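# A structural walkthrough
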Amino acid sequence: MSKKESLATKRARERGYFDKGPDWYCEFRYENCTGDFEPEEGVHRRDPSSVLLIDGVYYTWYSKSYGAHVGFGTGDLDAKVFPWDYTEIWYATSTDAVKWKEEGIAVGRGPKGSYDERSVFTPEILHHDGMFYLVYQCVENPYVNRVKETISMAIADNPHGPWKKVDGPILQPSTNGVWKGDVDNRFLVEEQGDFDSHKTHDPVLFYFNDKYYLYYKGERMGEQMYMGGRETKWGVAISDQPEGPYVKSEYNPISNSGHETLLWQYKGGMAGLLCTDGMERNTMQYAKDGINFEIMGGIKGTPEAAGPFRTPNTDDRPLAGVEWGLTHNVHCKWNYIMRFKADENTKRPYVTKTMYE
Ligand code: AAL
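This write-up is about the structure you can find in this document. Values in this document were obtained by computation on a predicted structure and should not be read as measured data.

### Thoughts on the packing of aromatic side chains
Counted according to the given criterion, the structure contains 21 aromatic pairs. Here Phe82 and Tyr143 contribute two aromatic rings whose centre-to-centre distance is 5.7 Å and whose plane-to-plane angle is 70°, an arrangement assigned as edge-to-face. Taken together, the positions of Phe82 in the loop between β5 (57–66) and β6 (88–94) and Tyr143 in the loop between β9 (131–139) and β10 (150–156) put the pair 61 residues apart, joining distant regions of the chain. Residue placement shows Lys64 over the ring face of Trp90; its charged tip is 3.6 Å from the ring centre.

### Digging into the environment of Asn256
Along the chain, the position of Asn256 falls in the loop between β19 (247–248) and β20 (263–266). Looking at Asn256, the relative accessible area reads 41%, which means it is partly exposed. Considered as a pair, Asn256 and Arg281 are 25 residues apart in the sequence and their alpha carbons are 9.2 Å apart. Aside from chain neighbours lying at most four places away, what touches Asn256 is Thr232, Lys233 and Glu280. Polar contacts involving the side chain of Asn256 include one to the side chain of Ser257, which spans 2.7 Å. There is a polar contact of 3.3 Å between the side chain of Asn256 and the side chain of Glu280.

### A closer look at the pattern of salt bridges
Pairing between side chains of opposite charge can happen when the charged atoms of each approach one another. All told, the structure shown has 27 salt bridges when counted by the stated rule. Salt-bridge contacts for Glu344 lead to Lys347; the nearest nitrogen and oxygen are separated by 3.0 Å. For Glu344, a relative accessible area of 18% gives the class buried.

### Digging into the sheet that holds strand β25 (residues 324–329)
With respect to topology, four strands assemble into an open sheet ordered β1-β26-β25-β24, the strand pairing being antiparallel. The strands lining the two open edges of the sheet, one partner per strand, are β1 (27–32) and β24 (307–308). Across six bridges, β25 lies against strand β26 (residues 336–343) in antiparallel orientation. The residue of β26 that forms the bridge with Trp324 is Lys341.

### Quick look at unusual backbone geometry
At the junction of Gly168 and Pro169, the peptide bond is cis and its omega measures out at 0° in the coordinates. Locating Pro169 in the fold gives a position in the loop between β11 (164–165) and β12 (178–179). Between Gly244 and the following residue, Pro245, the backbone shows a cis peptide bond with an omega angle of 5°. Here Pro245 shows up in the loop between β18 (232–239) and β19. Within the chain, Asp202 stands out as a residue other than glycine whose phi angle is a positive 50°. Taking the relative accessible area as the measure of exposure, Asp202 reaches 8% and is therefore buried. Positive phi, close to 50°, is recorded for Asn209, a residue that is not glycine.

### Some words on the sheet that holds strand β8 (residues 119–128)
Judged by pairing direction, the sheet is antiparallel, and its four strands sit side by side in the order β8-β9-β10-β11 without closing on themselves. Every other strand in the sheet has two partners, leaving β8 and β11 as the edge strands with one partner each.

### As for the pairing of strand β3 (residues 43–46)
Of the two faces of β3, the one holding Val43 and Arg45 and the one holding His44 and Arg46 are both buried throughout. Sheet topology places β3 next to β5; four bridges connect them, and they run antiparallel. Bridged to Arg45 within β5 is Lys64.

### Re the side chain of Asp277
Mapping Asp277 onto the fold places it in the loop between β21 (269–274) and β22 (283–287). For the buried Asp277, which has no salt bridge, the nearest side chain bearing the opposite charge is Arg230, at an N-O separation of 4.8 Å. Among the polar contacts listed, one links the side chain of Asp277 to the side chain of His259, at a separation of 2.6 Å. In this structure, Asp277 is in contact with Gly228, Arg230, Thr232, Ser257, Gly258 and His259, ignoring residues within four places of it in sequence.

### Comments concerning the side chain of Asp85
Here Asp85 lies in the loop between β5 and β6. Setting aside residues no more than four positions away along its own chain, Asp85 makes contact with Ser65, Ala79, Lys80, Arg118, Ser119 and Tyr143.

Cut-offs and rules
Residues numbered from 1 in each chain as written. Predicted model: local features only at pLDDT ≥ 70, side-chain atom pairs only at ≥ 80, totals over all residues. Heavy atoms only, no water. Phe/Tyr/Trp six-rings, centres within 6.5 Å; stacked < 30°, edge-to-face > 60°. Helix = DSSP H or I, 4+ residues; strand = E, 2+ residues; numbered from the N terminus. Lys NZ or Arg CZ within 6 Å of the ring centre and 35° of its normal. Buried < 20%, exposed > 50% of the residue type's maximum accessible area, 1.4 Å probe, protein only. Contact = heavy atoms within 4.5 Å. Polar contact = N/O pair within 3.5 Å; in protein donor to acceptor, adjacent residues only side chain to side chain. Salt bridge = Lys/Arg side-chain N within 4 Å of Asp/Glu carboxyl O. Pairing = 2+ DSSP bridges. Lys, Arg positive; Asp, Glu negative; His and termini not counted.

Now the structure itself:
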């Protein structure tokens with residue numbers, strides 16, 4: 001027994017690092033899909049939704065755009081700025097979740113002057129009571145640094161559509177930030193406002209405790225960098241009806257870290273995997289009330305913008321709801337959708353199994 005306790009040991013003891021077992025620990029394996037999800041020159045496919053299994057067929061929805069992008073500040077307000085600019089929501093089907101067939105557009109961009117004129121992207125899907133709810137983020141025209149990004153919804157009674165847009169948007173950034181000057185610079189502010197004063201992104205919708213919980217990522221005007229990197233956090237907005245009105249939780253932000261949302265239901269609560277940004281990135285978290293999240297595990301190699309398979313067996317064990325699904329590879333010229341799998345054999349030391357052993 002040590003005579004003195006180091007700061008690291010004290011911190012681990014106080015935070016319970018060694019009191020919890022590896023129930024929430026895994027390593028993620030990755031594999032390319034085949035068929036229409038093979039990488040394609042000149043096309044971006046990214047941000048896959050959760051995967052649904054309907055009558056023996058797997059479905060996913062995703063952002064699709066064409067051609068190269070040039071970034072902000074070219075002086076051409078029509079130029080494509082990001083891979084997710086001029087994007088529409090497409091969907092694909094599969095019988096084995098490996099080989100995918102692209103079926104076509106699910107939700108397109110809105111008419112001139114609308115809040116969703118420029119781009120609709122990062123879809124998520126909820127199948128509840130026989131209805132399908134697609135939630136997604138929207139950009140108006142022009143797409144500039146200071147543009148505010150919103151969230152909207154389309155509803156169908158069949159995964160093949162037709163999709164009917166609600167009278168959106170259903171969620172918008174808070175209005176309490178104040179830009180400094182008129183230059184199109186997202187970092188110059190008089191007031192930063194709330195954590196979501198600039199962007200509401202990456203929505204995911206659940207039917208939870210007899211209400212609709214719309215989780216999202218917020219970005220703040222005048223975003224800062226911290227010891228954990230970028231200032232991106234999650235919020236939740238709650239409604240009695242799927243189409244809203246959604247009221248932001250008074251507890252927002254409900255995370256201090258994370259990027260694209262990834263959540264699943266587990267034993268009457270909500271589980272989440274935080275990726276990419278903040279001190280608590282690469283952690284599994286759980287909240288019995290869907291709001292007050294506790295760290296349950298620290299992991300590595302987290303899938304980005306992932307859409308897990310929505311298994312009916314989500315209560316089997318903590319990671320059943322994230323056992324496998326789709327993610328994307330955006331660290332390449334043309335973004336493409338791929339598969340992930342949580343390898344839970346890694347809960348024991350020295351196990352070196354590969355993804356499909
Ligand atoms: C990701 C996501 C959203 C952003 C962009 C595309 O970081 O959080 O989807 O808008 O990149």
